[in-house]
Amino acid sequence: MFTILVVEDDQPLRKMMTAFLTLNGYKTVGAGNGEEALKAMESVLPDLVIADVMMPVMDGWQLTQAVREAWPMMPIILVTARDTLEDKRTGFAAGADDYLTKPLDLDELLLHVGALLRRSQAMTSHKLTVGETVLDYDSLSVTKGDTVLTLPKKEFYLLFKLLSSPKQIFTRRQLMDEIWGMDAQSDERTVDVHIKRLREKCEVFSDFSLVTVRGLGYKAEKNT
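Residues numbered from 1 in each chain as written. Predicted model: local features only at pLDDT ≥ 70, side-chain atom pairs only at ≥ 80, totals over all residues. Heavy atoms only, no water.

A.B. asks: Account for the packing of aromatic side chains, naming residues and giving values.
C.D. replies: In the structure shown here, the tally under the stated rule is 5 aromatic pairs. Relative to Phe160, the ring of Phe156 lies with its centre 5.7 Å away and its plane at 35°, an arrangement referred to as tilted. Here Phe156 pairs with Phe160, and both are found in helix H6 (residues 153-164), just 4 residues apart, close to one helical turn. (Phe/Tyr/Trp six-rings, centres within 6.5 Å; stacked < 30°, edge-to-face > 60°. Helix = DSSP H or I, 4+ residues; strand = E, 2+ residues; numbered from the N terminus.)

Printed below as a string of structure tokens:
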């Protein structure tokens, strides 16, 4: 059974979210702000975090950064009434994997939770399948039928990250922080160079595309 940490300062909404998730087969833990959430994670490490953005003491952006530093692979969904492009850019730059706006549709939340947990499991298993293409984290290889491509580490990690969350937009800064490290001194355009190389090398793999999102960053899309 998956455990989900729900971080929301609105207590009635937090109770409604935890009750709904419990009803749908998840174990839940609640917290009223970022600091409470981090304390809870010391004793019960969840499989996924859902956090409101606007909270007292420690907001959702700060919590996301703290969680990402301590648990780099933890799936995080931010929930907020602030839905401007800049707000979303800030959330993704902080390390969020997904972003939902209020008023919250619980059925939609459930769909996002399930999808993100499946992606997380794929990354944990070190193998990812996209159509007929298989990415193997251990061998840094991309395989489809008899075609096998072995990539340099950074290129593979970048491709694996994007394909683990198809349609999810990642900023250059977010990709730099997660793949090159928080203290990386390289220019963010390094990501552009690696994306260009991946596109050239992966032309033979028709199951996915790497898409530039102007003003934001990059995303991967599955080709039907």
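A.B. asks: Got a sec to walk through helix H2 (residues 34-43)? Specific residues and values, please.
C.D. replies: Taken as a whole, H2 has its buried residues at Gly34, Ala37, Leu38, Ala40 and Met41. Across the axial projection of H2, the buried residues extend over an arc of 160°, all falling on one side. Along H2, exposed side chains directed more than 90 degrees from the buried face belong to Lys39, Glu42 and Ser43. On its buried face, H2 sits against strand E1 (3-7), strand E2 (27-31), strand E3 (48-52) and helix H3 (60-70). By the N-cap criterion, in which a side-chain oxygen at the helix start approaches the backbone nitrogen of a residue two or three places on, H2 is capped by Asn33, the distance to Glu35 being 3.0 Å. (Buried < 20%, exposed > 50% of the residue type's maximum accessible area, 1.4 Å probe, protein only. Arc of directions from axis to C-beta. Contact = heavy atoms within 4.5 Å. Polar contact = N/O pair within 3.5 Å; in protein donor to acceptor, adjacent residues only side chain to side chain.)

A.B. asks: Break down the environment of Leu151 for me, citing the residues and quoting the values.
C.D. replies: One can find Leu151 in the loop between strand E9 (147-150) and H6. Since its relative accessible area comes to 3%, Leu151 is described here as buried. Setting aside residues up to four positions removed in sequence, Leu151 forms contacts with Leu140, Val142, Phe156, Leu159, Leu198 and Lys201.

A.B. asks: So what about the pairing of E9? Which residues, and what values?
C.D. replies: Note that strand E8 (residues 141-144) and E9 share 4 bridges and pair antiparallel. Bridge pairing links Lys144 to Thr147 in E9. Hairpin connection between E8 and E9: a loop of 2 residues separates the two successive antiparallel strands, and Gly145 in this loop has a positive phi of roughly 60°. (Pairing = 2+ DSSP bridges.)

A.B. asks: How would you summarise H3 if you had to cite specific residues and measurements?
C.D. replies: Residues Gly60, Trp61, Leu63, Thr64, Val67 and Arg68 constitute the buried set of H3. The buried residues of H3 all sit within an arc of 160° when viewed along its axis, so they share a single face. Capping of H3 at its N-terminal end is provided by Asp59; its side-chain oxygen lies 3.1 Å from the backbone amide nitrogen of Trp61.

A.B. asks: Just give me the short version of the pattern of salt bridges, but keep the residues and values in it.
C.D. replies: According to the stated counting rule, one finds 9 salt bridges in the structure shown. The salt bridge involving Asp52 is made with Lys102; its shortest N-O contact spans 3.3 Å. Residue Asp52 is located in strand E3, and its partner Lys102 is located in the loop between strand E5 (98-101) and helix H5 (106-125); the two are separated by 50 residues in the primary sequence. The class of Lys102 is partly exposed, set by a relative accessible area of 26%. (Salt bridge = Lys/Arg side-chain N within 4 Å of Asp/Glu carboxyl O.)

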